[in-house]
Amino acid sequence: EPEVTQTPSHQVTQMGQEVILRCVPISNHLYFYWYRQILGQKVEFLVSFYNNEISEKSEIFDDQFSVERPDGSNFTLKIRSTKLEDSAMYFCASVYRGASSYNEQFFGPGTRLTVL
Amino acid sequence: AQSVTQLGSHLSVSEGALVLLRCNYSSSVPPYLFWYVQYPNQGLQLLLKYTTGATLVKGINGFEAEFKKSETSFHLTKPSAHMSDAAEYFCAVSPSSGSARQLTFGSGTQLTVLP
């Protein structure tokens, strides 16, 4: 069964460093998302991406964040200068399409980011 | 804007007992409603969803939920808890229109099943 994969499973970095979190969505999916979950808190939407551009982004997704689909398979989230408060589990999700009918978002297993 | 409230961050039930996880939502337009389950060290798995049609929806693992518009609720139930149901459960909403359809999650309820 197709699934969303994410690498690495755990990333430890020093404050101020850049990190890139990688996701491989399901191959025929067209919409891609990043969410994050700070320990003990709710899952929060960061950004959605379609047709090589951002569709929606939350207030959390500031200039320190960027997303990219560098090739036909990977979808990346970059944090330019990490802060302690960026420590969280980051989930990638993909959807076949997000048009008039509902399509399920499939989530990856997450990358746990720890900023020291 | 949409929001989701889950009453109770933790719930303990005995094996074989009824499971009831509460979810209330706020939305200016009719939303789509979801329940996701998260097992330790795993991603989010869709349990069930309500988009249109029948307000009582059945999901995987014997769970079901009922959409009550007048109460803005979407409570999740299972008649008889199993040890394997121990996990964290998240209620979520998304817009029913627009292209992005991002999910807004509740805070989650950690379910413990006691032998």
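Just above, that's the structure.
**Things to note about the pattern of salt bridges**
Residues and elements named next belong to chain B.
- Using the criterion set out here, one finds 3 salt bridges over all chains in the structure.
- Between Lys58 and Glu64 there is a salt bridge whose closest N-O contact spans 2.8 Å.
- Overall, the relative accessible area of 23% leaves Glu64 in the partly exposed class.
- The partner of Lys78 in a salt bridge is Asp85, and the shortest N-O contact between them spans 2.8 Å.

**Brief notes about the sheet that holds strand S6 (residues 56-58) of chain B**
Residue and element names in this part refer to chain B.
- One open sheet holds the 5 strands; their spatial order is S1-S3-S8-S7-S6, and the pairing between them is antiparallel. At either margin of the open sheet sits one strand with a lone partner, and together these are strand S1 (3-7) and S6. Going across the sheet, the axis of each strand differs from the next one's by a mean of 20°, ignoring polarity.
- As judged from the 5 bridges shared by strand S7 (residues 64-68) and strand S8 (residues 73-78), these two strands associate in the antiparallel manner. Considered in S8, the bridge of Lys68 is made with Ser73.

**Topic: the interface of chain B and chain A**
- Every contact between the two is made by 21 residues of chain B and, on the other side, 21 residues of chain A.
- For the pairing of chain B and chain A, the buried interface totals around 1700 Å² over both sides, and the portion due to carbon and sulfur atoms is 57%.
- Counting every contact that joins chain B to chain A gives 0 salt bridges.
- Remark: the boundary between chain B and chain A carries 2 residue pairs in polar contact (both at pLDDT 80 or more).
- The set of elements that each furnish at least two residues to the side of chain B that touches chain A consists of strand S4 (31-38) and strand S5 (44-50) of chain B.
- The greatest single-element share of the side of chain B that touches chain A, amounting to 4 residues, is contributed by S4(B).
- Split into classes, the residues belonging to the side of chain B that touches chain A amount to 10 nonpolar, 9 polar and 2 charged.

**Details of the packing of aromatic side chains**
- Evaluation of the coordinates by the stated rule reveals 18 aromatic pairs over all chains.
- Taking the centre distance of 5.4 Å and the plane angle of 45° together, the rings of Phe63(B) and Tyr89(B) count as tilted. Taken together, the residues Phe63(B) in the loop between S6 and S7 and Tyr89(B) in strand S9 (residues 87-95) connect sequence positions 26 residues apart.
- The class of Tyr89(B) is buried, set by a relative accessible area of 0%.
- Taken together through their ring pairs, the aromatic side chains of Tyr33(A), Tyr35(A), Phe45(A), Phe91(A), Phe107(A), Phe34(B), Tyr36(B), Phe90(B) and Phe105(B) make up a single cluster.

**Describing the sheet that holds strand S8 (residues 75-79) of chain A**
All names here are of chain A.
- Strand order in the open sheet made by the 4 strands is S1-S3-S8-S7, with antiparallel pairing throughout. In this open sheet, the two strands that pair with only one neighbour each are strand S1 (5-7) and strand S7 (65-68). Neighbouring strand axes in the sheet, compared pairwise and without regard to direction, differ in orientation by 20° on average.
- Two strands pair when backbone bridges link them, and strand S3 (residues 19-24) and S8 are joined in this way by 5 bridges, in the antiparallel orientation. Bridge pairing in S8 links Cys23 to Phe75.

**Notes on the side chain of Lys78(B)**
All names here are of chain B.
- Among the structural elements, Lys78 can be located in strand S8.
- Residue class for Lys78 comes out buried when judged on its relative accessible area of 10%.
- In this structure the side chain of Lys78 is engaged in a polar contact, spanning 2.9 Å, whose partner is the backbone oxygen of Asn61.
- Each residue touching Lys78, except ones within four places of it in the same chain, is listed here: Ala17, Leu18, Val19, Asn61, Gly62, Phe63 and Asp85.

Cut-offs and rules
Residue numbers run consecutively from 1 along every chain, following the written order of its sequence. Going through the entries in the order they are written, you letter the chains from A and number the ligands from 1. For this predicted model, a pLDDT threshold of at least 70 governs which residues receive local features, and a threshold of 80 or more governs which side-chain atom pairs are given and counted, while totals over whole chains, interfaces and linings are taken from all residues. Heavy atoms throughout the structure, all of them, feed into the side-chain values; hydrogens and water do not. Here a salt bridge means any side-chain nitrogen of Lys or Arg lying within 4 Å of a carboxyl oxygen belonging to Asp or Glu. The buried label applies to any residue whose accessible area, calculated with a 1.4 Å probe on protein chains only, is under 20% of its type's maximum; exposed applies above 50%, and partly exposed to all values in between. A pair of strands is treated as paired once DSSP finds two or more bridges between them. A run of H or I in DSSP counts as a helix once it spans at least four residues, and a run of E counts as a strand once it spans at least two, with each numbered from the N terminus. As a rule, the C-alpha atoms of each element are fitted with a line to give its axis, helices using only the stretch in contact, and angles between N-to-C directions run from 0 to 180 degrees. Between two residues, a contact is recorded if the distance between any of their heavy atoms is within 4.5 Å. Two parts placed together each lose some accessible area under a 1.4 Å probe, and adding up what both lose gives the buried area. Under the rule applied, a polar contact is a pair of N or O atoms within 3.5 Å (in protein, one hydrogen donor and one hydrogen acceptor; residues adjacent in sequence only if both atoms are side-chain atoms). Residue type decides the class: Asp, Glu, Lys and Arg count as charged, Ala, Val, Leu, Ile, Met, Phe, Trp, Tyr, Cys and Pro as nonpolar, and the leftover types, Gly among them, as polar. Note on aromatic contacts: the rings of Phe and Tyr and the six-membered ring of Trp form a pair at centre separations within 6.5 Å, being stacked when their planes are under 30 degrees apart, edge-to-face when over 60 apart, and tilted otherwise.

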